[in-house]
Amino acid sequence: MPNSLPPGLLRTPARAPYAADAARSPGRLIPEPESPTRTPFQRDRDRIIHSTAFRRLAHKTQVLVPHEGDHFRTRLTHSLEVAQIARSAARALGLDDDLAEALALAHDLGHTPFGHTGEDALGEAMAPYGGFDHNAQALRIVTKLERRYTDFDGLNLTWETLEGLVKHNGPLLPGRSSPSPHAKGSIPAEILEFSGIFDLRLSDYPTIEAQVAAAADGIAYNAHDLDDGLRASLISLEQTDEVEFICTFRKEIVACNPSLEPFRAIHELVRRTIAVFIEDLIGESWRRIETSGVRSGEDIAAQARPLIGFSRRAEAADNSIRNFLQKNVYRHPRLTRIRQ
């Protein structure tokens with residue numbers, strides 16, 4: 001995929017009119033004095049980083065469990081990688097990169113230990129009580145379960161951070177923007193209850209920063225699962241030739257450095273993959289924004305589709321990587337035994 005970045009995007013642009021604006025925010029559920037040195041979104045980011053739930057991510061696995069080695073990703077290292085990608089993309093697009101970073105750091109707070117296996121087991125155990133949903137659990141953590149402050153339970157985050165935490169993948173209810181993929185009965189009661197107190201506008205698209213954080217999650221997930229799969233010898237470098245997009249990079253690397261040690265070759269492959277997806281995301285998102293004519297956060301909320309996304313070619317490459325990982329990594333006999 002050629003570099004599709006518009007001219008000038010390598011310079012830090014001015015804040016766009018449709019970026020989240022803390023000065024126009026509904027604020028916090030419990031009003032607090034403003035900080036003289038940090039914006040509200042910076043304070044949200046800092047509260048998330050200092051929370052107990054964030055530290056617990058260090059012991060929550062992604063794909064490989066800790067005894068496989070200490071260089072594989074956990075939910076904590078994954079969240080840090082997502083935050084780096086989200087911040088870079090948000091800054092290039094003239095958005096509030098502090099809000100994008102806060103959302104990226106918080107997006108996995110509600111996940112269980114033991115990866116998706118833990119979530120399935122907890123979902124089964126909680127079935128008589130409405131099941132388990134990690135987004136609802138994340139909301140529960142930041143509004144009730146964290147108990148660090150004298151005046152409130154939770155972290156008392158801004159409306160934008162709470163909204164993005166709950167619906168970074170899109171609207172939860174049908175409304176003016178588009179039909180919702182969810183029926184009201186399928187939305188966790190915790191989310192509906194809290195939105196009744198502090199309206200999260202569940203029928204609207206979230207801020208564009210939340211959309212950036214969601215896209216960054218996908219980029220990081222694919223790249224680091226590919227990296228971990230290669231380093232754990234679940235797959236070989238040669239095996240990645242099944243994915244045309246990756247095969248091109250591998251051949252370029254081999255042609256330029258025929259004797260390159262495998263460790264460096266893996267890093268180079270993953271580095272190039274991340275870079276291309278970030279650049280495509282920025283270029284395609286910029287094109288969508290320009291075409292849509294949005295001029296405010298309200299315009300973002302009323303859109304019929306996300307404005308942050310990949311080009312068709314990059315989306316096809318993304319799907320091919322996901323399918324490859326599903327077949328060769330996530331269903332690998334070693335991981336199946338661990339899951340059982």
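Above this text sits the structure in question.
> I'd like a rundown of the overall build of the protein chain, residues and numbers included.
Within the protein chain one finds 14 helices and 0 strands. Secondary structure elements in the protein chain, listed N-terminal to C-terminal, are α-α-α-α-α-α-α-α-α-α-α-α-α-α. Here the C-alpha radius of gyration of the protein chain, 20 Å, is about what a compact globule of 340 residues would show, namely 20 Å. Oriented by its inertia axes, the alpha-carbon framework of the protein chain measures out at about 60 × 50 × 40 Å. Put simply, the protein chain has 340 residues, and 53% of those count as buried. Partitioning the contacts of the protein chain with sequence separation of at least 6, the portion at a separation of at least 24 is 73%. Accessible surface for the protein chain amounts to roughly 16500 Å². Of this, 53% is attributable to carbon and sulfur atoms. The positive charge centre, built from 41 side chains, and the negative charge centre, built from 46, are 1 Å apart in the protein chain.

> Explain unusual backbone geometry residue by residue, including any values.
With a phi close to 50°, Asn156 is a non-glycine residue in the positive phi region. A relative accessible area of 7% places Asn156 in the buried class. A positive phi angle, near 50°, is found at Arg201, a position not held by glycine. Mapped onto the secondary structure, Arg201 falls in the loop between helix H8 (189-197) and helix H9 (208-231).

> Give me the lowdown on a nonpolar patch on the surface, citing residues and values where you can.
On the surface, Leu29, Ile30 and Ile197 cluster together into a nonpolar patch covering about 250 Å² of accessible area. In this fold, Ile197 is placed in helix H8.

> Break down the environment of Gln42 for me, citing the residues and quoting the values.
Within the fold, Gln42 resides in helix H1 (residues 40-49). For the pair formed by Gln42 and Asp97, sequence separation is 55 residues and the distance between their alpha carbons is 9.4 Å. Filtering out sequence-adjacent residues up to four positions away, Gln42 remains in contact with Thr37 and Asp98. One polar contact links Gln42 to Asp98, side chain to side chain, over a distance of 3.3 Å.

> How would you sum up helix H11 (residues 262-292)? Please name residues and give values.
Between its terminal C-alpha atoms H11 stretches 45 Å, which fits the 45 Å expected from 31 residues at 1.5 Å a residue. Looking one or two places after H11, you find Gly293, whose phi comes out positive at around 75°.

> I'd like to hear about the pattern of salt bridges, residue by residue, with values.
If you walk through the whole model with that rule in mind, you get 27 salt bridges. Between Arg272 and Glu252 there is a salt bridge whose closest N-O contact spans 2.9 Å. Pair noted here: Arg272 is in helix H11 and Glu252 is in helix H10 (residues 244-256), with a separation of 20 residues, a long-range link. By sharing partners, the salt bridges in this structure join Arg38, Arg45, Asp46, Arg87, Arg91, Asp97, Asp98 and Glu101 into a single network.

> Residue-level account of the packing of aromatic side chains, with values.
Counted by the stated rule, this structure contains 5 aromatic pairs. Pairwise contacts between aromatic rings join Phe245, Phe249, Phe277 and Phe310 into one cluster. Between the NZ or CZ atom of Arg201 and the centre of the ring of Trp159, over which it lies, the distance is 4.6 Å. Against the face of Phe263 rests Arg231, its NZ or CZ located 4.3 Å from the ring centre.

> Break down the environment of Asp318 for me, with residues and values.
Locating Asp318 in the fold gives a position in helix H13 (residues 312-330). In the structure, Asp318 is positioned 267 residues away from Ser51 in sequence and 33 Å away in space, judged by C-alpha atoms. Apart from residues no more than four positions distant in its own chain, Asp318 is found in contact with Asn222, Phe277 and Phe310. Here Asn222 takes part through its side chain, which lies 2.7 Å from a polar atom of the side chain of Asp318.

> With reference to specific residues and values, describe the packing of H11 against H13.
Remark: H11 packs on H13, axes separated minimally by 11 Å, with the N-to-C direction vectors making an angle of 140°. Classified by the angle their axes make, H11 and H13 are oblique. The handedness of the crossing between H11 and H13 is left-handed. Residues Thr273, Phe277 and Asp280 of H11 form the contact with H13, whose participating residues are Ala314, Ala317, Asp318 and Ile321. The residue inventory of the contact of H11 with H13, partitioned by class, reads 4 nonpolar, 1 polar and 2 charged.

Each value, and the rule that gives it
- Residues numbered from 1 in each chain as written.
- Predicted model: local features only at pLDDT ≥ 70, side-chain atom pairs only at ≥ 80, totals over all residues.
- Heavy atoms only, no water.
- Helix = DSSP H or I, 4+ residues; strand = E, 2+ residues; numbered from the N terminus.
- Rg over C-alpha atoms; globule rule 2.2 N^0.38 Å.
- Buried < 20%, exposed > 50% of the residue type's maximum accessible area, 1.4 Å probe, protein only.
- Contact = heavy atoms within 4.5 Å.
- Areas by Shrake-Rupley, 256 points an atom, 1.4 Å probe, with all protein chains shown as cover.
- Lys, Arg positive; Asp, Glu negative; His and termini not counted.
- Charge placed at Lys NZ, Arg CZ, Asp CG, Glu CD.
- Patch = residues over 30% accessible without salt bridge, like charges linked within 9 Å, V, L, I, M, F, W, Y side chains within 5 Å.
- Salt bridge = Lys/Arg side-chain N within 4 Å of Asp/Glu carboxyl O.
- Polar contact = N/O pair within 3.5 Å; in protein donor to acceptor, adjacent residues only side chain to side chain.
- Expected span 1.5 Å × (residues − 1).
- Phe/Tyr/Trp six-rings, centres within 6.5 Å; stacked < 30°, edge-to-face > 60°.
- Lys NZ or Arg CZ within 6 Å of the ring centre and 35° of its normal.
- Axes fitted to C-alpha atoms, helices over the stretch in contact; angles between N-to-C directions.
- Parallel < 35°, antiparallel > 145°, perpendicular 65-115°, else oblique.
- Left-handed = near helix turned anticlockwise from the far one by under 90°.
- Nonpolar A, V, L, I, M, F, W, Y, C, P; charged D, E, K, R; others polar.

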